[in-house]
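Notes for the structure review
If you want the building blocks of each chain, they are given just below.
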Amino acid sequence: MKRIALLSQRLANQIAAGEVVERPASVVKELLENSVDAGAARIDVEVEQGGSKLIRIRDDGQGINKEDLALALSRHATSKIADLDDLENIASLGFRGEALASISSVSRLLLASRSADASGTGGWQVEAAGQEMTPTLAPAAHPQGTTVEVRDLFFNTPARKKFLRTENTEFGRIDEVVKRLALSRFELAFSLRHNQRTVHQLQAAQSMQEKQRRIGLVCGPAFLEHAVYIDIEASGLRLWGWVCLPTFSRSQPDLQYFYVNGRVIRDKLVSHAVKQAYRDVLFHGRHPAFVLYLELQPALVDVNVHPTKHEVRFRDQRLVHDFLFRSLHKALADVRPADHMEPAVAATGAGTATQPHTESPVQQVPLGLRLDESTGELVAPPDIPAGAGPGATHGWGAGVPGSASADRGGWRTGASPVAGLAEQSALYQRLSEDAEVPPLGYALAQLHGVYILAQNQHGLIVVDMHAAHERITYEHMKAASDNQSIKAQPLLVPISIAVSQAEAECAEAQADELAALGFDMARVAGESVIVRQVPSILARADIEQLVRDVLADVREHGRSERISAYRDELLSTMACHGSVRANRQLSIAEMNALLRDMERTERSGQCNHGRPTWVYQSMADLDKLFLRGQ
Ligand code: ADP
Ligand code: MG
């Protein structure tokens, strides 16, 4: 039998370092956070060999008193909290008092500082090198602020060192850490150098324009071009920042920055809410891009749930989830063509800002979607034959009972797909006279039965008419079905489903929630539920799988979007079949009607699969193509 013994201070720190100091980037993160907490206005980071040889971080913050220097290196020594109340209202990034101790136990560390209230001219420094903590104090020439130098990381823990990747990979992670922090503190200036080469040089950003400039530098110019700025406040929560339109999606979730009270986090609840919000507009398997800031009372969020503080716990998870989902969902739905053109086009100078739109209520259901009263299901109209070519004499919804096409004068066919001379001159007249040309302009012609060409005051717009019509139809269908409460349908033979204990408990506890979704479900044993009734729209789905998924959702997030997700999927398929096919000839009036519909319709910038429905080339873009004026 081995005897029990207390760990030495040094070994305890090295063990703690395992959690906090995983790689050079984690050192940079901790040191940067300290500089931010010290109220620095500028932070300079210098790195050699991917950080394993040297990491030096210098700030102009409040500094550390001579008397406190040695203490700063010991474990559980912090100036940031003193009692439990502080822990529940943390305003600083750090508070655990273990970063410097951990780092110094696995590297050669030098801490030099001069505090704001120090007398004399110079500063002081301490050194430690993976030793028992007996650092010696020495005078140092240092301006106000602090410098931390970390050399030979993991020199005394070779096993750890083996886990490091190539210099470039490690530096890439450091770069990412610096970028993340730079996006959370616009008012701070940052610089980053690697092997004597400047990688970033970011000026302090105050104005909106300067902030966007920083966003562009950190996330790339394409991000900014496709982003809309949002700022939403409700129930004590505020969400602001930049979200990219779904048409600017990524193959990796690499442009996703989310901050809670200025702290960057990766959180399951947050990712879930964001994913839900983009569900209906994102191309399959793609990831959205965003830089978002959530602000709430510090007491409503627990940041002390993880040593690296990457995760948080919200007091009211459901409230936060709902708020995030709703805000983003609305922001994405509200984007209209006008928001994404030259500022001059949009009346409010948007380009990178959404405004609350005066909601025009969704018009009619153009495709004559019917709601079958007996089943509660939506019935799609018969498919419009593909290639109903020139001379087709029906409108969008022709032949469908209840179609509204008849009273929409614009939606007739049979006219020439290219504006005739008279129409053209009338168009120019309109463009020059009309103070308010609609954002998508007026149709000029149809290209190969697939694209609509249109012009506004500033350039050319090309619309994929099938994609656009598909989205419009889909949104109309959703609106029509939203107005109906969820219809439920009893199962002929109730299904009994084996579930986990926790899921069965959830079915019992959340019976109301589930009933509102259209389920009649009861717990019949410790690990079994019986399902007697399901939402009609799901009648043909794999009930067992859906029930499991719904229970899992309700358990984790207090609600489930599965029913509406499933409904949307169904509607989307119907919309696709019901929408105007390529190779159908449209009249100018029809094309204009479609353009106006796009401007009115939520999410009309992407088709149901997340592909763009229209593109825009300004005159300047076109001039560039032809090298005009160069
Ligand atoms: P924590 O940040 O959790 O308090 P650290 O080990 O990171 O723990 O730092 C210990 C203490 O050293 C901090 O509480 C702070 O008082 C001081 N300190 C560390 N870095 C700096 C800095 N750059 N400027 C001023 N004080 C610092
Ligand atoms: Mg710290």
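Right above here is the structure, for reference.
So, here's what we can say about the structure. Nothing here was measured: the structure is a model prediction, and the numbers come from that model.

Considering unusual backbone geometry
Here Asn 195, not a glycine, exhibits a phi torsion of approximately 45°, which is positive. Positionally, Asn 195 belongs in the loop between β7 (189–194) and β8 (197–202). A positive phi is found at Gln 196, a non-glycine position, where the angle reads about 65°. Mapped onto the fold, Gln 196 is located in the loop between β7 and β8. Take Gln 196: its relative accessible area is 53%, and that puts it in the exposed class.

A closer look at the sheet that holds strand β20 (residues 459–464)
The sheet built from 4 strands is open, its strands ordered β18-β19-β20-β24 with antiparallel pairing. Of all strands in the sheet, those with a lone pairing partner are β18 (442–447) and β24 (614–618), marking the two edges. Neighbour-to-neighbour, the strand axes of the sheet open up by a mean angle of 20°, direction not taken into account. Relative to β20, strand β19 (residues 451–456) is paired through 6 bridges, and the arrangement is antiparallel. Bridging across to β20, Leu 453 finds its partner in Val 462. Strands β18, β19 and β20 of the sheet are contacted by helix α13 (residues 465–482), whose axis makes an angle of about 70° with β20.

A word on the pattern of salt bridges
On inspection of all chains with the given rule, the structure shows 32 salt bridges. Close ionic contact of Glu 48 with Lys 53 constitutes a salt bridge, the shortest N to O distance being 3.3 Å. Classification of Glu 48 by relative accessible area gives buried; the value is 16%. For Arg 75, the salt bridge is made with Glu 98, and the minimal N-O distance between the two is 3.9 Å. Linking Arg 75 in the loop between α3 (69–72) and α4 (84–88) with Glu 98 in the loop between α4 and α5 (99–105), this pair joins segments that are 23 residues apart in sequence. In the salt-bridge network here, residues are joined through shared partners; they are Asp 280, Arg 471, Glu 475, Lys 478, Glu 602 and Arg 603.

Thresholds, definitions, all that
All chains use their own residue numbering, which begins from 1 and follows the written sequence. Here the convention is simple: chains get letters from A, ligands get numbers from 1, in the order in which they are written. Selection of residues for local features in this predicted model requires a pLDDT of at least 70, selection of side-chain atom pairs for listing and counting requires 80 or more, and totals for whole chains, interfaces and linings are taken over all residues. Excluding hydrogens and water, the side-chain figures rest on all heavy atoms present in the structure. Helix numbers and strand numbers start at the N terminus; a helix is a DSSP run of H or I with at least 4 residues, a strand a run of E with at least 2. Between buried and exposed lies partly exposed: a residue is buried under 20% and exposed over 50% of the maximum accessible area for its type, with that area taken using a 1.4 Å probe on protein chains only. Pairing between strands requires that DSSP locate at least two bridges from one strand to the other. Every angle, taken between N-to-C directions, lies between 0 and 180 degrees, and every axis is a line fitted to C-alpha atoms, over only the stretch in contact when it is a helix. Any two residues whose heavy atoms approach within 4.5 Å at even a single point are treated as in contact. Definition used for salt bridges: Asp or Glu carboxyl oxygen within 4 Å of a side-chain nitrogen of Lys or Arg.

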